[in-house]
Every structure is written in C-alpha cells, then in structure tokens.
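A look at the structure
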Amino acid sequence: MKKTHAFAGLVLSTALFGAGLTNAFAADETLRSLADKNGIYIGAILNSQWFNGGLPGNYEQIHKSQFNIVVAENEMKFDATEPSENRFNYNNGDKMVKYAKANGMRVRGHALAWHSQVPNWVNNYKGNKQKLLSVLKNHIKNVVGHWKGQIDEWDVVNEAISNNEPQWRTGSVWYQGIGPEFIDSAFVWTHEVDPDAELCYNDYNLEQGVNPKAKAGFLLEQVKRWVKNGIPIHCVGSQTHVEDTTTDKHFIGSPDSLRSLAKELAKLNVKLKITELDIGFKSGINVSKSDLERQGQTFRQYLDIILEEPNADTYLIWGVSDKWSWLGGLNRQKGLIYDDNLKPKPAFDSILVRLQTYEPPKDTAKKDSTVKDSTAKDSTALDPGQSIKQFNAPNSLSLHVAGRTLFVTGLASKTAAKVDLLDLQGRPVYSTNCINGTVDLSNIAEGLYVVRVQNGSTNLTKRISIK
Ligand code: 9MR
C-alpha cells in the first residue's frame with residue numbers, strides 16, 4: 001500500500017519536472033510550511049560561518065523561511081562549550097537558541113559524548129576512570145542544565161561504534177578511560193538533568209544494512225539492550241552522509257537499508273531521525289544537470305522514509321549551500337540542496353514537490369505534532385508498557401543500572417532513600433541509604449537481583465541484572 005503510494009509520488013514529481021510545472025503550486029509554499037503540514041521536521045545546520053557573522057543576509061532569510069528545526073555545526077560540542085575544565089562557554093549556543101525561539105524552530109543539541117572535538121585537557125585524564133566519569137557527568141550536568149527546556153533533543157552519544165567491525169570504537173578517550181558504560185551513563189545523566197528532552201544515539205553509515213556485520217545491526221542489538229535495561233533512549237540519529245551511487249560504485253548505502261532500520265526501531269518504540277544528510281559527488285568530477293537531478297531523487301527517497309515510517313520525524317541536512325560545506329574534507333562535493341550562489345538545486349525542487357504531493361495512506365493517521373511528541377514520549381521504550389510521562393511523574397521513582405552503578409531518579413529532594421538489594425528468593429544482599437541518586441554496585445556479584453527503594457512514602461521494586 002505504502003510502496004504503491006510512494007511510486008505514485010515519484011511518477012507525479014517526475015512528470016511535473018518534465019513539464020516544468022513546479023511553480024504550479026502556491027508560490028508562498030516553502031519546505032517549512034509543507035513540513036509543518038506533513039507533521040515532520042525539516043532543517044539544516046547553522047554553519048559555523050553564521051555564528052561569526054560571515055554569511056550573506058539571504059542565507060538567514062532562506063534558513064528561517066525553509067526550515068523548522070536547527071542544529072549548530074560545531075558550537076555545542078564539548079570543545080566549544082567547555083574549552084577549559086569546568087569553565088563553560090554558552091555564547092554561541094545561546095545565540096542559536098535565541099534565533100530558534102524568535103523563529104519558532106525546534107532545537108537539536110549536538111553532541112555530548114563524542115570521541116572527536118574533545119579539548120586537550122580531557123585527554124590529559126586518559127585512563128583515569130573516576131576522573132573521566134566525573135568530567136563527563138559534570139559536562140552533561142552543566143550543558144544540558146543550561147539549556148534545559150530549550151533544547152528539544154540531544155545527541156547524547158555520537159559515533160561510538162567502530163567503522164571497521166561491528167564493535168564499539170575502542171580508541172576514544174571515553175571508551176579507553178571508562179569502558180562502554182560511558183554510553184549508558186551519558187543517557188541516564190542527560191535524562192536526569194532534562195527529563196523532557198528526547199535522547200538520541202547518533203552515527204554514520206547506518207544506511208548500510210541491518211545485519212550483524214554492519215554498524216546498524218550492531219547498534220540495533222545495543223538499542224534492544226538499552227530498552228530492556230530501561231536506559232532512556234528515544235531515538236537513533238542516522239547522519240546519512242552518503243555518496244552519489246553512480247559516481248562512486250563502491251558506496252553501499254541505500255534508502256531501503258535505512259528504512260529497514262526504521263522498521264526495526266519501531267518495534268522497540270524508538271524513533272529514527274535523519275540528522276546530517278548530504279549526498280555528495282566525488283571531488284574533481286564534472287557534475288552534470290542529470291547528475292543533479294538523480295541526486296534530487298536520492299534526497300527524495302530518504303525523505304520518503306521520514307514521511308512514510310510512523311516512527312520517523314526529522315530530515316536534517318548538514319548545510320544549506322554547497323559553498324559552506326564540510327564535504328571537501330571528505331573528498332566530496334556539491335552534496336547540499338542550494339548551490340554556491342544560494343540558488344535552489346534540483347534536489348530542493350525534488351523535496352518540495354514530494355512534500356507538496358505526499359498524501360498519507362488513508363488507513364494511517366496523518367503525522368501531526370501530537371503524533372511526533374507521542375511517538376517517543378508516550379509510547380517510550382524506557383520500560384515496556386510504561387510511558388516517559390509516568391516515568392517522570394512527580395514523586396515517581398525510577399531505576400537504571402549502567403555498568404556497576406545504580407541510578408535512582410525522582411527522589412524527593414534532600415530525603416535519603418533506603419535501597420535494598422535482594423536475591424531472587426527475597427534474601428537481603430545489600431542495603432544502603434542513598435541521597436545523591438547513585439549507588440555503587442562494584443562489590444556485588446554478577447546476577448539477577450531485586451532492588452527495593454523506599455523514599456518517604458514512595459517506593460519502587462524492580463528486577464535488575466548486574467554484569
Ligand atoms: O561539519 C563539521 C566540521 O565543521 C568539523 O570540522 C568537523 C570536525 O569533526 O565536524 C563536522 O561535523 C560532523 C558532525 O559533528 C558529526 N558527524 C560528522 C560531521 C561531518 O564531519
């Protein structure tokens with residue numbers, strides 16, 4: 001049903017181009033107005049040049065009229081926000097949040113725990129687990145706390161999976177110093193600071209197939225584990241930096257593969273977002289008009305995932321104009337939807353027409369803002385059958401285990417909670433009072449336990465696994 005519908009859209013848009021009829025639609029329609037109508041977010045980064053005031057005036061005009069979601073290219077990363085230890089710089093980020101607010105845009109925060117763009121002072125703590133844990137926690141506490149309620153979604157962990165094999169990226173300062181539990185911990189800490197933000201794992205090459213040998217297959221297993229363990233993850237960001245498949249025969253990504261990932265994530269009630277899309281050509285080759293038209297069709301195929309999959313809501317492009325794009329560093333060119341002169345390319349038209357002609361299948365509810373919000377937050381994957389709203393309800397306790405630490409959230413402030421660990425026969429194993437929300441489990445043997453937390457008149461009992 002859906003495939004037939006998508007095909008109909010393709011035929012229609014091709015026909016419209018053939019007839020040169022793209023202007024037959026209302027002249028005031030923009031990507032933004034059509035995205036709003038279709039209940040999705042469409043966006044582009046604010047390039048670093050924007051923050052320095054180095055872009056022509058029509059750049060901003062285009063940006064705010066065409067897009068309803070924004071992310072900073074570099075300005076909310078670790079090196080930008082905490083250039084020296086415990087000294088935070090929010091100037092650029094504030095500038096973007098203000099811009100987004102003035103223009104009614106959704107804001108993505110990018111990125112909290114990443115191996116790249118980490119300042120040197122962090123690397124000086126290489127191998128010091130306790131210190132690195134407190135550095136990461138302090139960073140999250142401050143940065144997420146500063147923009148609490150203003151940043152709608154965070155890339156909590158970025159690019160933690162290895163490029164070459166299905167395993168974690170072992171070379172990062174966080175992995176080497178802390179181990180893989182830095183990932184679980186980052187999600188839990190972010191959720192504690194801003195329980196209303198959507199939390200994403202973000203990575204590239206996720207459009208290369210969902211199988212155990214591909215990054216997406218490995219990631220899917222981790223998402224299943226996070227969901228099972230109650231780690232607060234709501235979305236997977238697929239960066240989707242892809243190459244035009246005709247000019248690079250070796251490129252193996254495809255929209256179909258990414259769609260398969262979306263469908264697998266839907267089973268876990270986790271969203272898929274396209275967060276950094278560009279579709280470049282090899283540097284140095286001549287790019288013809290028909291190349292650009294084919295590129296437009298690929299942009300459209302990725303958009304179809306966002307329009308058609310109920311758990312997909314965001315289509316974010318990593319740049320506005322080919323003139324200001326990071327792609328040169330990757331030996332690629334012309335990967336965006338506006339050319340060097342800020343003129344819309346065929347890819348822009350392709351997206352516009354698809355948004356104009358898309359009609360949701362009759363048997364499916366149209367995506368609207370309610371659906372967008374409810375996908376992650378009401379049918380959240382945090383705990384099967386339990387919504388994030390319940391999860392965060394005042395006076396409701398929740399528990400997560402990350403590595404060897406038990407996190408208790410929702411404690412009535414300044415009241416100690418009594419935490420009891422029991423074996424599965426109900427025999428007491430360990431008991432402590434917890435004030436700051438964490439309990440160290442490093443001395444507890446591996447296995448399944450029951451945790452009981454009592455905090456004033458509220459209590460919670462939950463089974464946990466310690467590994
Ligand atoms: O576009 C960003 C570029 O200006 C930076 O030099 C680069 C440094 O790592 O990061 C680029 O953005 C990356 C993003 O943060 C994460 N995914 C890959 C993006 C392109 O490299």
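Summary of the structure given here. (Residues numbered from 1 in each chain as written. Predicted model: local features only at pLDDT ≥ 70, side-chain atom pairs only at ≥ 80, totals over all residues. Heavy atoms only, no water.)

What follows concerns the overall build of the protein chain. For the protein chain, the helix and strand inventory stands at 16 helices and 17 strands. Roughly 19500 Å² of accessible area belongs to the protein chain as shown, and the carbon and sulfur atoms make up 49% of that amount. (Helix = DSSP H or I, 4+ residues; strand = E, 2+ residues; numbered from the N terminus. Areas by Shrake-Rupley, 256 points an atom, 1.4 Å probe, with all protein chains shown as cover.)

Scanning the entire structure with this criterion turns up three cavities of 30 Å³ or more. In this structure, the largest cavity encloses a volume near 40 Å³. Lining the largest cavity are Leu 406, Val 419, Asp 420, Leu 421, Tyr 430, Ser 431, Val 439, Leu 441 and Val 451. Of all the secondary-structure elements, those providing two or more residues to the lining of the largest cavity are β13 (417-422) and β14 (428-434). The element best represented in the lining of the largest cavity is β13, accounting for three residues. (1 Å grid on protein atoms, 1.4 Å probe; cavity = no way out; pocket = protein on both sides within 12 Å on 5 of 7 lines; lining within 4 Å. Points joined across faces, edges and corners; volume = space filled by probe spheres on them.)

This next bit is on the site of the ligand. Taken together, the neighbourhood of the ligand is formed by 14 residues, with Glu 73, Lys 77, His 110, Glu 276 and Trp 318 sitting nearest. Within the side chain of Asn 74, a nitrogen or oxygen atom sits 3.0 Å from an oxygen atom of the ligand. A distance of 2.6 Å separates a nitrogen atom of the ligand from a polar side-chain atom of Glu 276. When the ligand is considered free in solution it has 450 Å² of accessible area, and contact with the protein chains removes 76% of it. The class makeup of the residues in the shell around the ligand is three nonpolar, seven polar and four charged. (Near = heavy atom within 4 Å. Polar contact = N/O pair within 3.5 Å; in protein donor to acceptor, adjacent residues only side chain to side chain. Nonpolar A, V, L, I, M, F, W, Y, C, P; charged D, E, K, R; others polar.)

Our next topic: the environment of Val 156. Along the chain, the position of Val 156 falls in strand β4 (residues 153-158). Looking at Val 156, the relative accessible area reads 0%, which means it is buried. Measuring from C-alpha to C-alpha, the distance between Val 156 and His 191 comes to 9.6 Å, with 35 residues separating the pair along the chain. Beyond its immediate stretch of four places on either side in the chain, Val 156 contacts Leu 112, Ala 113, Ala 186, Phe 187, Thr 190, Leu 199 and Cys 200. (Buried < 20%, exposed > 50% of the residue type's maximum accessible area, 1.4 Å probe, protein only. Contact = heavy atoms within 4.5 Å.)

Attention shifts here to the state of the cysteines. Disulfides are covalent bonds that link the sulfur atoms of two cysteine residues. This model, assessed by the stated rule, comprises one disulfide. The residue that forms a disulfide with Cys 200 is Cys 235, at a sulfur-sulfur distance of 2.1 Å. Given an S-S torsion of about -95°, the disulfide between Cys 200 and Cys 235 has left-handed geometry. Of this pair, Cys 200 sits in strand β5 (residues 198-203) while Cys 235 sits in strand β6 (residues 235-238), and the two are 35 residues apart along the sequence. With a relative accessible area of 0%, Cys 200 lands in the buried category. (Disulfide = S-S within 2.5 Å.)

Before going further, it helps to spend a moment on the pairing of strand β12 (residues 405-409). Walk down a regular strand and you will see the side chains alternate between the two sheet faces. Within β12, four of the five residues are buried, which leaves the element mostly enclosed by the surrounding structure. Two strands pair when backbone bridges link them, and strand β11 (residues 398-402) and β12 are joined in this way by five bridges, in the antiparallel orientation. Across the sheet, the residue bridging to His 400 is Phe 407, located in β12. Hairpin connection between β11 and β12: a loop of two residues separates the two successive antiparallel strands, and Gly 403 in this loop has a positive phi of roughly 60°. Looking at chain direction, β12 and strand β15 (residues 438-440) are connected through three bridges and run antiparallel. (Pairing = 2+ DSSP bridges.)

With that settled, consider the side chain of His 110. Positionally, His 110 belongs in strand β3 (residues 106-114). Residue classification places His 110 among the buried positions, given a relative accessible area of 2%. A polar atom in the side chain of His 110 sits 2.9 Å from the side chain of Asp 155. Aside from chain neighbours lying at most four places away, what touches His 110 is Val 71, Ala 72, Glu 73, Met 76, Lys 77, Trp 154, Asp 155, Asn 158, Asn 202, Glu 276 and Trp 318.

Turning to the nonpolar core, a few remarks are in order. The biggest cluster of nonpolar side chains holds 103 residues, and the ones touching the most others in it are Trp 154, Val 157, Trp 174, Phe 187, Trp 226, Tyr 315 and Ile 351. When near neighbours in sequence (up to four residues on either side) are disregarded, Trp 226 contacts Trp 168, Ile 183, Asp 184, Phe 187, Tyr 201, Leu 219, Ile 231 and Ile 233. With 18 residues, the next largest nonpolar core counts Leu 411, Tyr 449, Val 453 and Ile 466 among its residues. (Core = buried A, V, L, I, M, F, W, Y, C linked by side-chain atoms within 4.5 Å.)

The next point concerns the pattern of salt bridges. Taken as a whole and judged by the stated rule, the model has 30 salt bridges. Where Arg 225 meets Asp 184, a salt bridge forms, and the shortest distance between an N and an O atom there is 3.3 Å. Placement of the pair is Arg 225 in helix α11 (residues 215-228) and Asp 184 in helix α10 (residues 181-193), with a sequence separation of 41 residues. The class of Arg 225 is partly exposed, set by a relative accessible area of 28%. A residue is classified by how much of its surface remains accessible, and Asp 184, at 7% relative accessible area, is buried. One salt bridge in this structure joins Arg 452 and Asp 420, with 3.5 Å as the shortest N-O distance. Of this pair, Arg 452 sits in strand β16 (residues 447-455) while Asp 420 sits in strand β13, and the two are 32 residues apart along the sequence. (Salt bridge = Lys/Arg side-chain N within 4 Å of Asp/Glu carboxyl O.)

Attention now goes to helix α2 (residues 31-38). Residues Leu 31, Arg 32, Leu 34, Ala 35 and Asn 38 constitute the buried set of α2. The arc that holds every buried residue of α2, seen down its axis, measures 165°, which confines them to one face. Turning to α2, the residues buried within the fold contact β1 (41-46), α4 (57-66), α13 (289-308) and α14 (346-357). Positive backbone phi, approximately 70°, marks Gly 39, located one or two places after α2. (Arc of directions from axis to C-beta.)

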